[in-house]
Amino acid sequence: MTAPTVVRDLVVAHTRALKLPGVARTFEGLARQARDSHWPHEDYLHEVLSAEQASRHESVIRQRLREARFPEVKTLDTFDFAAADGVNATQLHTLARGEWVTAPENLILAGPIGTGKTHLAIALGVEATKQKRRVLFTRAADLVRQLLEARDTRELTRLQQRLLRVEVLIVDEPGFVPFDRVGGELLFNLLTDRYERRATVVTTNLAFAEWVTVFAGDEKLTTALLDRLAHHATVLTTKGKSYRMRRRRTREEPS
Ligand code: ADP
Ligand code: MG
């Protein structure tokens, strides 16, 4: 016996009005199961509500993943630890638990080009979205350009507030493009605002001694910035040759 169509349609209408997509998707299937297995009414209600809760949980995570604007999704599963020097799976899986986000602490991924820094930064970002954290991936040059534009259009405060709501800010490769003084200062202010309040991830192929070149030779600003960044920070150093180059070489080598 199925519920009369009228009742079914009314339930569907209620799920729309009350925004209960999980209930809408599951109530009929679960009702069949409940009838077949003679569940008490309370059990049926419980199952339907659990489905709604699971559906909301997943939709928040999907939303967080969208908002994070990862250039592409990379995961720890697809990272080949055997081919990576300097980082190990245990350490990364510990970081994946996200205690550093709660603390909050920073993460610095340093190493040569192509050694998986961005991959790992994204992978840890993805893990954070699974814990419903607000994550944002930005290339350093884009971030500074956005800050400069916001400053010119008097929207800097709004942008700063928005960025401060981000729980894990990934700043990819400051150093590819040097910043002028104002750009450097804006980035400095951003990191100062986040200091001990929000977690920040920075990837870099520069040694700390080279950072001053990124900030228009401003030693004082560079030292202060690195100081804040590195104070509560885990530093992961990736080593060796570019992963892609190495793969290419392995494939080309006669066996
Ligand atoms: P980096 O940011 O250090 O310059 P990327 O993280 O961008 O390097 O890595 C370059 C490419 O190689 C990416 O496609 C990345 O997914 C891949 N890659 C690098 N290291 C590994 C690894 N150990 N396992 C799997 N893929 C890797
Ligand atoms: Mg990179």
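Given the structure is predicted, the values throughout are model-derived calculations rather than measurements. (Residues numbered from 1 in each chain as written. Chains lettered and ligands numbered in written order. Predicted model: local features only at pLDDT ≥ 70, side-chain atom pairs only at ≥ 80, totals over all residues. Heavy atoms only, no water.)

Caption draft 1: Layout of the pattern of salt bridges. Enumeration according to the criterion identifies 12 salt bridges in this entry. Notably, a salt bridge pairs Arg56 with Glu52, separated by 2.9 Å at the nearest N-O pair. In this pair, Arg56 and Glu52 both sit in helix H3 (residues 41–68), four residues apart, roughly one turn of the helix. Judged by its relative accessible area of 43%, Arg56 falls in the partly exposed class. A residue is classified by how much of its surface remains accessible, and Glu52, at 5% relative accessible area, is buried. Note that Glu67 and Arg64 form a salt bridge whose closest N and O atoms lie 3.5 Å from each other. (Salt bridge = Lys/Arg side-chain N within 4 Å of Asp/Glu carboxyl O. Helix = DSSP H or I, 4+ residues; strand = E, 2+ residues; numbered from the N terminus. Buried < 20%, exposed > 50% of the residue type's maximum accessible area, 1.4 Å probe, protein only.)

Caption draft 2: Geometry of the packing of aromatic side chains. Taken as a whole and assessed by the stated rule, the structure comprises four aromatic pairs. Ring-pair connections join several aromatic residues into one group, and the members of that group are Phe179, Phe208, Trp211 and Phe215. (Phe/Tyr/Trp six-rings, centres within 6.5 Å; stacked < 30°, edge-to-face > 60°.)

Caption draft 3: Geometry of the side chain of Glu127. As for its position among the elements, Glu127 is in helix H6 (residues 117–130). Sequence-distant contacts of Glu127, defined by excluding residues within four places in its chain, comprise Leu76 and Ala96. (Contact = heavy atoms within 4.5 Å.)

Caption draft 4: The arrangement of a nonpolar patch on the surface in detail. Judged by side-chain polarity, Val6, Val7 and Leu10 come together as a nonpolar surface patch covering roughly 270 Å² of accessible area. With respect to the element layout, Val7 can be found in helix H1 (residues 5–17). For Val7, a relative accessible area of 41% gives the class partly exposed. (Patch = residues over 30% accessible without salt bridge, like charges linked within 9 Å, V, L, I, M, F, W, Y side chains within 5 Å. Areas by Shrake-Rupley, 256 points an atom, 1.4 Å probe, with all protein chains shown as cover.)

Caption draft 5: A look at H3. Compared with an ideal rise of 1.5 Å per residue, which puts 28 residues at 40 Å, H3 spans 41 Å between its outermost C-alpha atoms and is within 8% of the ideal. Within H3, the full set of buried residues consists of Val48, Ala51, Glu52, Ser55, Ile61, Arg64 and Ala68. Note on H3: the residue one or two positions beyond its end, Arg69, has a positive phi of about 50 degrees. (Expected span 1.5 Å × (residues − 1).)

Caption draft 6: Representation of the site of ligand 1 within the structure. Taken together, 15 residues lie around ligand 1, and Asp80, Gly114, Lys117, Thr118 and His119 are the ones closest in. Between ligand 1 and the protein, one listed contact pairs an oxygen atom with a side-chain N or O atom of Lys117 at 2.7 Å. Between an oxygen atom of ligand 1 and a side-chain N or O atom of Thr118, the distance comes to 2.8 Å. Coverage of ligand 1 by the protein amounts to 86% of the 560 Å² it exposes when considered alone. For the shell around ligand 1, the secondary structure elements donating two or more residues are H6 and helix H11 (243–252). When residues of the shell around ligand 1 are assigned to their parent elements, the largest contribution, three residues, is made by H6. Here the shell around ligand 1 is built from residues that sort into five nonpolar, six polar and four charged. (Near = heavy atom within 4 Å. Polar contact = N/O pair within 3.5 Å; in protein donor to acceptor, adjacent residues only side chain to side chain. Nonpolar A, V, L, I, M, F, W, Y, C, P; charged D, E, K, R; others polar.)

Caption draft 7: Main features of the pairing of strand S1 (residues 106–110). Here S1 lies mainly inside the structure; five of its five residues are buried. A two-sided burial pattern is seen for S1, the buried positions comprising Asn106, Ile108 and Ala110 on one face and Leu107 and Leu109 on the other. Bridge analysis of S1 against strand S5 (residues 233–237) gives five bridges, and the strand direction is parallel. Looking at the pairing, Asn106 lines up with Ala233 of S5. Relative to strand S4 (residues 199–204), S1 runs parallel, the two sharing four bridges. Pairing of Ile108 across the sheet is with Val202, part of S4. (Pairing = 2+ DSSP bridges.)

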